[in-house]
Amino acid sequence: MNEPGLENSQVRRVSCPVFISYASADRREALSVCKAIERREIRCWIAARDVEPGDNYQEAIVAAIRNAPSMVLVFSESANNSEEIKKELSLASRNRVPVIALRIQDVEPSDAFAYELSTRQWIDAFEGWDKSLNTLVARIQQIAAKGGEGAVQPQLEPAHRRQARAIGRSTRNLTFAAVAVVALIALAAAFYTPSPREQVSLAVLPFADLSPKHDKGYFAEGVAEEILSTLAAEKGLKVLGRTSARQVDPRSDPKELRDKLGVTHVVEGSARTAGDALRVNVRLVDTRDGSSLWEEEYRGKIADVFSVQDRIAEAVVGRLKSTLLYPAAVGVSAKTKVDAYVAYLAARSVMRNRSEPTLKKALLLARNVIRADPNYAPGQALYAELVWLLSDHAWSYGSIPVATARRISTAHARAAIRLAPEKADGYAALGLALPPKDAIEQLRRAVRLDPSRAEVRIWLALDLYELGRHDEALQLSREAAAIEPLWPMPLASVVQSLAASSHQGEANKIAQRYLGNGGSKAQFHRMMFLVADRGPDLSTAVREARAANSLDPSLPDIRNGLMTDLFTSGLGSTENERPSAAFRRFITPYYAGHTQELEKRIGQAGNRVWQAPDAKVAISYLASIRDWTTLATLYDQRQEAFGVNCVSDRSNYYSFLMALRAVGRRAEAEPLLRCVSKGLDLELGQKARNTWAFAGDLEVDLAMLSALRGNREQAFKWLKLGVDRGWLGRPISHSLRDLPAFDGLRGDPRFTELQSLIDRRISTERTEILAENQPRAFHQ
């Protein structure tokens, strides 16, 4: 149904939202009705839009009906057979909410609806939309004007009389006793409400590959994952994330899964392909006792895989309807050629192991997908994600320049959105590639459309950290970890955030629990490194980083952090303890003490300094040698985004505002100072800290701000707090003399004393590191 055109007119505003009741199959039509009446300044409430992730679906609907001045029923063949709509009408009746039926298909109402609604209330939209809309708005206004009294009301029979009549028609040949039993069951069903004590939590385990050669494992997993994504869109249903589900041993005791992961049900199955034939077996298991609640086999051709996935998801949701009182619409998979779909599944399977080689392999597969079918939205979105993950951005794994990766990724992500505006894939890919301030809206939309993808919450959390919204970011990281309790990516994000916020104890417990649940030892040591690395314990951080790196050299975070901690300790790193070449342009000569080479590279880079992942090193070095002229030139060549983020780029702000002051451009420096001050105020007002901050960073930043404002005593107060918390100057320098903001404090004995404390701490850590393992000298 096309969205109706509306005439402009002044209408009476309805104070509370009108409730829109609809069958899941009519979601789009119902949204169109809602938008149409809202253009007439009448607010509406519709579950498809107004139930937020995490809300109790049933409670939200009950509250909306109780508060509504009227209910609009979008009636169709699907609505005619909907038990959920009957329950909503019953609730409206009990709360004396007037009901107006808008019939969008030429369908005769069943007896149940004929009893619920009088013929005076039917408005036939299929005979003329504009006229029917005017009638609908007039009815809503009439009800609003009369406060719900005197308006056209449903002609309802008492509930017990309707039940008796329905039972009488269907059970004429039953004995009196049988009729009594049926009546009791019907009445119980009418007033059944699921227990609020236990939320339904589902794990869709990877399907077994029963193909003759057992070479279609990724295909079987893909079938299960598509079913998982569909189920995750159901309101009120919690679904274990796909990455964690893949790590569950299918032979696990269901009761153990219930205890460890909190899942109440498990969907398990198998997929078998032979030639073009496809057979999928599915079973729904109750984890309380391991009993099978439902089992079914689906057969078809491989070309039918999308409809098979939809049918399975629909059947599982149908089986759980007794628990989910108000299930949402079961989604329909995007469809493509079978060969393209197989390549798509293979790419997703390969990219789970996040490293540059695996991502490059996945990118080749994704390129084949979009070549075979450029109109397949998930393929376009996957290609966009992979290009960005292979960029040289600090969060990515490759060497494609950020500007190039952003241009390519956003183009393919927007293509995915155009092809499938109701799917999360395109919005997630677009949000991944956009700058933080532009990404928030896209990523939030992706989370709403597909709550099962924990990594989207992590991407959103990273952008929020960049913008200084640390409390929101930590909460999103926690949500991601709850979805994926066995996936290191969200767990590491929570661990690092907690450690940066001085909650090392809780962070350690999460890492230990992960290991206890059978997690990777390499990932466990990585998490322990992230905890130690946020504080002053360099020796523990180096020990954990080396343990992780020896078990899995491809792990993210490790090489960068290990090289930084060894440099801070006054020690060198070996070749296998350094990051990829993309991160070495400036950091390699700086950490090696080759200042002439560093200055040469900065000069050769020119305005391309801004594009380097380690640009912060070049800018900080220029500030440490007080090269204000070069810094002022760099400021003039800055990226367009500079001037927005006063949190993650704070050290750059200090460098540039001092350079502008030094070259006589004080008026331009003041906005930077105000921006830094605003960012620090934002951070102080939150419980969580920047996930990338080291111990004492916030306090030292506040000391620099005080010093630049000329408040000497306040600067020393903050500086001492920072040193006491363990500030070591990572990743640039532990020398306070390399921070020009403190030039006015250098003659004070307190300044020398604080530097001595820092030096002694580093000396102790260096001794402990050397006692464990003497590293080779650093070389370029």
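Our subject is the structure that appears above.
Residues numbered from 1 in each chain as written. Predicted model: local features only at pLDDT ≥ 70, side-chain atom pairs only at ≥ 80, totals over all residues. Heavy atoms only, no water.

J.: So what's going on with the overall build of the protein chain? Which residues, and what values?
T.: When you go through the protein chain residue by residue, the secondary structure sums to 35 helices and 11 strands. Burial statistics for the protein chain: of 780 residues in total, 53% are counted as buried. Contacts spanning at least 24 positions in sequence make up 65% of the contacts within the protein chain whose residues lie at least 6 apart. If you sum the accessible surface of the protein chain, you get close to 34300 Å²; carbon and sulfur atoms cover 49% of it. (Helix = DSSP H or I, 4+ residues; strand = E, 2+ residues; numbered from the N terminus. Buried < 20%, exposed > 50% of the residue type's maximum accessible area, 1.4 Å probe, protein only. Contact = heavy atoms within 4.5 Å. Areas by Shrake-Rupley, 256 points an atom, 1.4 Å probe, with all protein chains shown as cover.)

J.: For the pattern of salt bridges, give the residues involved together with the corresponding values.
T.: Scanning all chains against the criterion turns up 35 salt bridges. Among the salt bridges present, the one from Glu422 reaches Arg27, with a minimum N-O distance of 3.4 Å. Note that Glu422 is positioned in the loop between helix H17 (402–419) and helix H18 (424–433) and Arg27 in helix H1 (residues 27–38), a separation of 395 residues in sequence. Look at Glu422 and you get partly exposed, because its relative accessible area is 39%. (Salt bridge = Lys/Arg side-chain N within 4 Å of Asp/Glu carboxyl O.)

J.: Go over empty space enclosed by the protein, please, and point to the residues and values.
T.: Applying the stated criterion across every chain, the model contains 1 cavity of 30 Å³ or more. Quantified by volume, the largest cavity comes out at close to 50 Å³. Taken together, Val204, Leu205, Pro206, Glu221, Ala224, Glu225, Leu228, Arg242, Ala245 and Arg246 make up the full set of residues lining the largest cavity. Of all elements in the fold, only helix H10 (217–232) and helix H11 (242–246) reach the threshold of two or more residues within the lining of the largest cavity. Broken down by element, the lining of the largest cavity gets its largest block of residues, 4 residues, from H10. Here the residues of the lining of the largest cavity sort into 6 nonpolar, no polar and 4 charged. (1 Å grid on protein atoms, 1.4 Å probe; cavity = no way out; pocket = protein on both sides within 12 Å on 5 of 7 lines; lining within 4 Å. Points joined across faces, edges and corners; volume = space filled by probe spheres on them. Nonpolar A, V, L, I, M, F, W, Y, C, P; charged D, E, K, R; others polar.)

J.: Give me the lowdown on the state of the cysteines, citing residues and values where you can.
T.: Evaluated as defined, the whole model comprises 1 disulfide. Between the sulfur of Cys34 and that of Cys44 lies a disulfide, 1.6 Å long from S to S. Here the S-S torsion is close to 40°, and the disulfide linking Cys34 with Cys44 is therefore right-handed. Of the two residues, Cys34 is situated in helix H1 and Cys44 in strand E2 (residues 42–45); the sequence distance between them amounts to 10 residues. Judged by relative accessible area, which is 1%, Cys34 ranks as buried. Classification of Cys44 by relative accessible area gives buried; the value is 4%. (Disulfide = S-S within 2.5 Å.)

J.: Explain the packing of helix H24 (residues 521–534) against helix H25 (residues 538–551) to me, and be specific about the residues and the numbers.
T.: Each pair of packed helices gets described by two things: the angle between the helix axes and the distance between those axes. The contact between H24 and H25 brings their axes to 8 Å, and the two run at 155°. Classed by the angle they form, the pair H24 and H25 counts as roughly antiparallel. Relative to H25, the crossing made by H24 is left-handed. Along the contact surface, H24 presents Lys521, Ala522, His525, Arg526, Met528, Phe529, Ala532 and Asp533, while H25 presents Thr540, Ala541, Glu544, Ala545, Ala547, Ala548 and Leu551. Class assignment for the residues of the contact of H24 with H25 results in 9 nonpolar, 2 polar and 4 charged. (Axes fitted to C-alpha atoms, helices over the stretch in contact; angles between N-to-C directions. Parallel < 35°, antiparallel > 145°, perpendicular 65-115°, else oblique. Left-handed = near helix turned anticlockwise from the far one by under 90°.)

J.: Lay out unusual backbone geometry with the relevant residues and their values.
T.: Of the consecutive residues Arg730 and Pro731, the connecting peptide bond is found in the cis state with omega at 5°. For Pro731, the position within the fold is in the loop between helix H34 (712–725) and helix H35 (749–772). With a phi close to 65°, Glu41 is a non-glycine residue in the positive phi region. Looking at the secondary structure, you find Glu41 in the loop between H1 and E2. The phi dihedral of Ser502 is positive, around 70°, even though this residue is not glycine.

J.: How would you summarise the packing of aromatic side chains if you had to cite specific residues and measurements?
T.: Summed over all chains, the structure comprises 11 aromatic pairs. With centroids separated by 5.8 Å and ring planes inclined at 10°, the aromatic side chains of Trp395 and Trp692 adopt a geometry described as stacked. Highlighted residues: Trp395 in the loop between helix H16 (377–389) and H17 and Trp692 in the loop between helix H32 (666–684) and helix H33 (697–708), separated in sequence by 297 residues. On the basis of relative accessible area, Trp395 is assigned to the partly exposed category, the value being 26%. Geometrically, the ring pair formed by Phe567 and Tyr591 is stacked, given 3.9 Å between the ring centres and 10° between the ring planes. With Phe567 in helix H26 (residues 558–568) and Tyr591 in helix H27 (residues 587–592), this residue pair connects regions lying 24 residues apart in the sequence. For Phe567, a relative accessible area of 23% corresponds to the partly exposed category. (Phe/Tyr/Trp six-rings, centres within 6.5 Å; stacked < 30°, edge-to-face > 60°.)

J.: Quick rundown of the packing of helix H19 (residues 436–449) against helix H20 (residues 454–466)? Include the residues and the values.
T.: Running from N to C, H19 and H20 point in directions that differ by 155°, and their axes come no closer than 9 Å. One way to sum up the angle between H19 and H20 is to call them roughly antiparallel. At the point where H19 passes H20, the crossing takes the left-handed sense. On H20, the residues touching Pro436, Ala439, Ile440, Leu443, Arg444, Ala446 and Val447 of H19 are Val456, Arg457, Trp459, Leu460, Asp463, Leu464 and Glu466.

J.: Can you explain the nonpolar core? Please cite residues and give values.
T.: Core analysis: the largest hydrophobic core is formed by 119 residues, its most contacted members being Val204, Phe207, Phe219, Val280, Val282, Tyr341 and Leu386. In terms of residue count, the dominant contributor to this core is H16 (9 residues). Once residues within four sequence positions are removed from consideration, Val204 is found in contact with Ala224, Leu228, Leu231, Ala245 and Val267. Listed in part, the 61 residues of the second largest apolar core include Tyr653, Met658, Val676 and Phe742. (Core = buried A, V, L, I, M, F, W, Y, C linked by side-chain atoms within 4.5 Å.)

J.: Which residues make up the side chain of Ser497, and what are the values?
T.: Checked against the element boundaries, Ser497 lands in helix H22 (residues 488–500). The residues contacting Ser497, other than those within four sequence positions of it, are Tyr465, Leu474 and Thr691.

J.: Describe the environment of Leu634, listing the residues and the values that go with them.
T.: Tracing the sequence through the fold places Leu634 in helix H30 (residues 628–636). Residue class for Leu634 comes out buried when judged on its relative accessible area of 5%. Sequence-wise, Leu634 and Arg608 are 26 residues apart; in three dimensions their C-alpha atoms are separated by 9.5 Å. Those residues in contact with Leu634 that lie beyond four places of it in its chain are Gly606, Val609, Trp610, Ile619, Leu622 and Phe656.

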